[in-house]
Amino acid sequence: MPDLPDDALTFDYDEEERERLAAAAVLRDAEYAGFSVRLIASLIDVSLLWLTEAGVVFVLWTLGLLPLTEKEIGEGLGLFLAVVFWAFPAWPYFAGLESSRRQATMGKQLFGLRVTGLTGRRIGFGRASARHWVKVHVWLPPYVWFLTIVFTARKQGLHDIAAGTLVLSKSR
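Residues numbered from 1 in each chain as written. Predicted model: local features only at pLDDT ≥ 70, side-chain atom pairs only at ≥ 80, totals over all residues. Heavy atoms only, no water.

Caption draft 1: Region of interest: the packing of aromatic side chains. Across all of its chains, the model carries three aromatic pairs by this definition. Considering the side-chain rings of Trp91 and Phe125, the 5.8 Å spacing of their centres and the 50° angle between planes classify their relative orientation as tilted. Note that Trp91 is positioned in helix H4 (residues 77-98) and Phe125 in helix H6 (residues 125-138), a separation of 34 residues in sequence. Under the relative-accessibility criterion, Trp91 is labelled partly exposed at 30%. Overall, the relative accessible area of 39% leaves Phe125 in the partly exposed class. With a centroid separation of 5.1 Å and an interplanar angle of 90°, the aromatic rings of Tyr93 and Phe94 are classed as edge-to-face. Among the aromatic side chains, those forming a connected cluster through ring pairs are Trp91, Phe125 and Trp133. (Phe/Tyr/Trp six-rings, centres within 6.5 Å; stacked < 30°, edge-to-face > 60°. Helix = DSSP H or I, 4+ residues; strand = E, 2+ residues; numbered from the N terminus. Buried < 20%, exposed > 50% of the residue type's maximum accessible area, 1.4 Å probe, protein only.)

Listed below in structure tokens is the structure:
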């Protein structure tokens, strides 16, 4: 059977039972990715995105396509642009890569991590998008919501719990 996302519909019940048993075996032996490795992977991803987006903003500003004065920045235009240039470009990056066959962003790939559904299977773009948007809102204070990774048995952040996802280490 092709590698389908966790939220894809299938109708072969014998095949689904085999997949359920295989997923149970994967999760039984799973090593959940901890807070520190996920934080470092996230910092790598944020750095890559920030450098790319800063380059785009610089080029647009240099060409006069993004005129910003101190007055406009003081009136909140800077915050608006931060959201536009951060949250929206980050969405296809995170959702696209976490729902891909690699199941991981570049930062997660460096540490052998992958994002899965609760059954251990690849997630679809919709679930990865939900995970991203909850994560964007969790970054708003209080940041301690990420500490659920430290205290939950499956090391899930609030965004993982809300989206029904896990982050597993590929080391096993």
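Now that the structure has been shown, we can carry on.
Caption draft 2: Representation of the pairing of strand E2 (residues 113-117). Burial of E2 is extensive: five of the five residues sit out of reach of the surface. In E2, alternate side chains face the same way, and those of Leu113, Val115 and Gly117 on one face and Arg114 and Thr116 on the other are all buried. As paired elements, E2 and strand E3 (residues 165-169) share five bridges and run antiparallel to each other. Note that in E3 the partner of Gly117 across the bridge is Thr165. (Pairing = 2+ DSSP bridges.)

Caption draft 3: A look at helix H2 (residues 35-62). Counted at 1.5 Å a residue, the expected span for H2 with its 28 residues is 40 Å, and the 39 Å between its end C-alpha atoms agrees. Residues Arg38, Ala41, Asp45, Leu49 and Glu53 constitute the buried set of H2. In the stretch just after H2, Gly64 is the one whose phi turns positive, near 80°. (Expected span 1.5 Å × (residues − 1).)

Purely geometric stuff here, so don't read any function into it on its own.
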